[in-house]
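Chain by chain, the residues:
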Amino acid sequence: MDRKKITIVGAGNIGATLALLLARRETADITLIDINEGVAKGKALDIMEASPILGFNAHVHGTGDYAETAGSDVVIITAGFPRKPGMSRDDLLFKNFEVVKSVSEQIKKYSPDAFVIVVTNPLDAMTYTALKVTGFPKNKVMGMAGVLDSARFAYFISEKTGISVENINAFVIGGHGDDMVPLRKFTTVAGMPVTKFLSKEELEEVIQRTRFGGGEIVRLLKTGSAFYAPAASILEMVLAILWNKRKILSASVYLDGEAGEYYGASGLCVGVPIILGKEGVEEIIKLDLTDEEWADWRKSVESVKRLVEKLPL
Ligand code: LMR
């Protein structure tokens, strides 16, 4: 059986880390593409030189030519500009729109049957851009942010409670911006409500830290943004699709029909709980939120809407 083919667009920190993680799982052969061809080729070769030691058989190939990405099963868009300290993700809108637009045109041309996972910020507006420019079905285009935000939320809860991360089930929905919506009601520690382990004040502190989790890393790194946890989050999504896990996770997807109406966000891509499997977005789960969570949700949707309205699409 032929191996699956995954293309990672952008050989920066996220792209290269993801290539290594995917190769180690022998999920597929990987094409790493970057406008700086030397960086893509150099990082791909470096990863392959680790394969005899780490013992993986997947092939990682670097290129600057989209023809070599042809026929990919999954394409991950990490290309674009990261923010600098003091900037919000939204400040990247127009610069990264041009990047995601031109990448999406190439994906449409060379890999018309691919699933597309968008990582470039501002995430929800860039997912919408990829969806519109490729014209792919809505179940095949999604943005990675909810998995990352939920992982941060889970880690911070683990740190505060002193309970293993393995026991924490945390969930964040909404846009991937400063007003994302970490869910209190659906966050549990070994199946028990998180409020059994954290006071209201402690939980609020953790929620605020989650909302600004990306910015905390940007401030520390000074010249870039997070990449280990984002790469791990993309890996989780790719495996859910390729191994048909039907995993429930949070992702930015296009909302219309019944789900769009339920969430009051028709025509937008925003983070919601989905079932992710071999068909991509197989179902959007409608959550019964508290009044406070609905209010937070609406605020987050408004932020995404304001950005999308500015896009020349
Ligand atoms: C993140 O959350 O780490 C990314 O969206 C990058 C950023 O600028 O925060």
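Residues numbered from 1 in each chain as written. Predicted model: local features only at pLDDT ≥ 70, side-chain atom pairs only at ≥ 80, totals over all residues. Heavy atoms only, no water.

A. Highlighting the nonpolar core. Counting 87 residues, the largest nonpolar core has Ile-76, Ile-117 and Trp-297 as its most contacted members. When neighbours within four sequence positions are excluded, Trp-297 is seen to be in contact with Ile-173, Gly-174, Val-181, Tyr-263, Ala-265, Val-270, Gly-271, Val-272 and Leu-289. Within the second largest apolar cluster, 14 residues are counted, among which are Ala-170, Met-180, Val-189 and Val-194. (Core = buried A, V, L, I, M, F, W, Y, C linked by side-chain atoms within 4.5 Å. Buried < 20%, exposed > 50% of the residue type's maximum accessible area, 1.4 Å probe, protein only. Contact = heavy atoms within 4.5 Å.)

B. Local environment of the pattern of salt bridges. Within this structure, the stated rule accounts for 17 salt bridges. A salt bridge links Arg-3 to Asp-29; its shortest N-O distance comes to 3.0 Å. Residue Arg-3 is located in the segment before strand 1 (5–9), and its partner Asp-29 is located in strand 2 (residues 29–33); the two are separated by 26 residues in the primary sequence. For Arg-3, a relative accessible area of 41% gives the class partly exposed. Take Asp-29: its relative accessible area is 24%, and that puts it in the partly exposed class. Of the charged contacts, one joins Arg-246 and Glu-282 as a salt bridge, the two residues approaching to 2.5 Å between their closest N and O atoms. Remark: Glu-282 occurs in strand 14 (residues 280–284) and Arg-246 occurs in the loop between helix 8 (228–242) and strand 12 (247–255); sequence separation between them is 36 residues. (Salt bridge = Lys/Arg side-chain N within 4 Å of Asp/Glu carboxyl O. Helix = DSSP H or I, 4+ residues; strand = E, 2+ residues; numbered from the N terminus.)

C. Inspection of the sheet that holds strand 11 (residues 192–193) at higher detail. The strand order across the open sheet built from 3 strands is 7-10-11, with neighbouring strands paired in antiparallel fashion. Each end of this open sheet is capped by a strand with a single partner; those strands are strand 7 (168–169) and strand 11. Taken together, the 2 bridges between strand 10 (residues 188–189) and strand 11 define a ladder with antiparallel strand orientation. In the sheet register, Thr-188 faces strand 11, and the bridge partner there is Pro-193. (Pairing = 2+ DSSP bridges.)

D. Seen up close, the UniProt feature "domain: Lactate/malate dehydrogenase C-terminal" (unreviewed entry) in the protein chain. The feature "domain: Lactate/malate dehydrogenase C-terminal" (unreviewed entry), as annotated in UniProt, sits at residues 148–309 in this numbering. Between the first and last C-alpha atoms of residues 148–309 the distance is 25 Å; the span itself is 47% helix and 21% strand. (UniProt positions renumbered as here; feature names shortened; annotations may be inferred.)

E. The packing of aromatic side chains, seen in detail. A complete count under the given rule lists 6 aromatic pairs for this structure. Their ring planes at 90° and their centres at 5.2 Å tell us that Tyr-262 and Tyr-263 sit as a pair that is edge-to-face. Note on Tyr-263: relative accessible area 2%, which makes it buried. Summarising the aromatic geometry, the rings of Tyr-262 and Trp-294 are spaced 5.6 Å apart at their centres and angled 65° between planes, so their arrangement reads as edge-to-face. Highlighted residues: Tyr-262 in helix 9 (residues 257–263) and Trp-294 in helix 10 (residues 291–309), separated in sequence by 32 residues. Judged by relative accessible area, which is 34%, Tyr-262 ranks as partly exposed. Joined through ring pairs, the aromatic side chains of Tyr-262, Tyr-263, Trp-294 and Trp-297 make up one cluster. Above the ring of Phe-81, the side-chain terminus of Lys-95 is found at 4.2 Å from the ring centroid. In this arrangement the basic side chain of Lys-140 is found over the ring face of Phe-115, its NZ or CZ atom lying 4.8 Å from the centre. (Phe/Tyr/Trp six-rings, centres within 6.5 Å; stacked < 30°, edge-to-face > 60°. Lys NZ or Arg CZ within 6 Å of the ring centre and 35° of its normal.)

F. Looking closely at the site of the ligand. As a matter of local geometry, the ligand sits amid Arg-83, Arg-89, Asn-121, Leu-148, Arg-152, His-176, Gly-214, Val-218, Ser-225 and Ala-226. The contact in question runs from an oxygen atom of the ligand to an N or O atom on the side chain of Arg-89, over 2.8 Å. In the environment of the ligand, an oxygen atom lies 2.7 Å from a nitrogen or oxygen atom belonging to the side chain of Asn-121. Protein contact buries 94% of the 260 Å² of open area that the ligand shows by itself. For the ligand, the cavity whose grid points lie within 2 Å of the majority of its atoms is the largest pocket. When residues of the shell around the ligand are traced back to their parent elements, those giving at least two are helix 5 (146–161) and helix 7 (213–221). Of the residues belonging to the shell around the ligand, the class tally is 3 nonpolar, 4 polar and 3 charged. (Near = heavy atom within 4 Å. Polar contact = N/O pair within 3.5 Å; in protein donor to acceptor, adjacent residues only side chain to side chain. Areas by Shrake-Rupley, 256 points an atom, 1.4 Å probe, with all protein chains shown as cover. 1 Å grid on protein atoms, 1.4 Å probe; cavity = no way out; pocket = protein on both sides within 12 Å on 5 of 7 lines; lining within 4 Å. Sits in = over half its atoms within 2 Å of the grid points. Nonpolar A, V, L, I, M, F, W, Y, C, P; charged D, E, K, R; others polar.)

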